[in-house]
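# Observations on chain architecture
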Amino acid sequence: MIRLRGQLVCMTAEERSAVLAHMGEHIRLTQAEPGCLSFDISETDDPFTFEVMEAFRDREAFDLHQARTRESDWFMATRGILRDFRVEEVGD
């Protein structure tokens, strides 16, 4: 299993608005991907910071997710936002 945990850290109200405008569809599309075990983006106590947690069955599913994301409206709207993510392989 591949797990990603971390934060999106917005610097401006415009970045925060972009996350809020696109995250629902991004979550929906990602949760429908083959090999997605879990995926969530949630607000934190800091209105400019979002917690990201995701898990994929294996490296192939994770890599396919990353490729799809790079071509998505989500990425186009949020690509300039600071991402502080840690990726780990868990299990076998």
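Calculation notes
Residues numbered from 1 in each chain as written. Predicted model: local features only at pLDDT ≥ 70, side-chain atom pairs only at ≥ 80, totals over all residues. Heavy atoms only, no water. Helix = DSSP H or I, 4+ residues; strand = E, 2+ residues; numbered from the N terminus. Buried < 20%, exposed > 50% of the residue type's maximum accessible area, 1.4 Å probe, protein only. Phe/Tyr/Trp six-rings, centres within 6.5 Å; stacked < 30°, edge-to-face > 60°. Salt bridge = Lys/Arg side-chain N within 4 Å of Asp/Glu carboxyl O. Axes fitted to C-alpha atoms, helices over the stretch in contact; angles between N-to-C directions. Left-handed = near helix turned anticlockwise from the far one by under 90°. Contact = heavy atoms within 4.5 Å. Nonpolar A, V, L, I, M, F, W, Y, C, P; charged D, E, K, R; others polar. Expected span 1.5 Å × (residues − 1). Bend = angle between axes of the 7 residues up to and from the residue.

## Here's the deal with the overall build of the protein
Across its full length, the protein holds 3 helices and 4 strands. In sequence order, the protein lays out its α and β elements as β-α-β-β-α-α-β. If one aligns the C-alpha atoms of the protein with their principal axes, the spans along those axes are about 40 × 25 × 20 Å. Looking at the protein as a whole, 37% of its 92 residues qualify as buried.

## Section: the packing of aromatic side chains
A full pass over the atoms with the stated rule returns 1 aromatic pair. Each ring, one from F56 and one from F62, has its centre 5.8 Å from the other, and the planes form 65 degrees; the classification is edge-to-face.

## Overview of the pattern of salt bridges
Considering all chains together, one arrives at 6 salt bridges under this definition. For D58, the salt bridge goes to R57, with nearest N and O atoms at 3.3 Å.

## Description of the packing of helix α1 (residues 13-31) against helix α2 (residues 59-70)
Orientation of α1 relative to α2, taken along the N-to-C sense of each, is 145 degrees, at an axis distance of 11 Å. Every pair of crossing elements has a handedness; the one defined by α1 and α2 is right-handed. Packed against α1, whose contacting residues are H26, L29 and T30, the element α2 presents H65, R68 and T69 at the interface. The class makeup of the residues in the contact of α1 with α2 is 1 nonpolar, 4 polar and 1 charged.

## A closer look at α1
Between its first and last C-alpha, α1 extends 27 Å over 19 residues, near the 27 Å set by a 1.5 Å rise per residue. Maximal helix bending in α1 amounts to about 45 degrees, located at H22. Three or more residues of α1 are buried, namely E15, R16, A18, V19, M23, H26, I27 and T30. Looking at the buried positions of α1, the neighbouring elements they touch are β1 (2-9), β2 (36-43), β3 (49-56), α2 and α3 (73-78).

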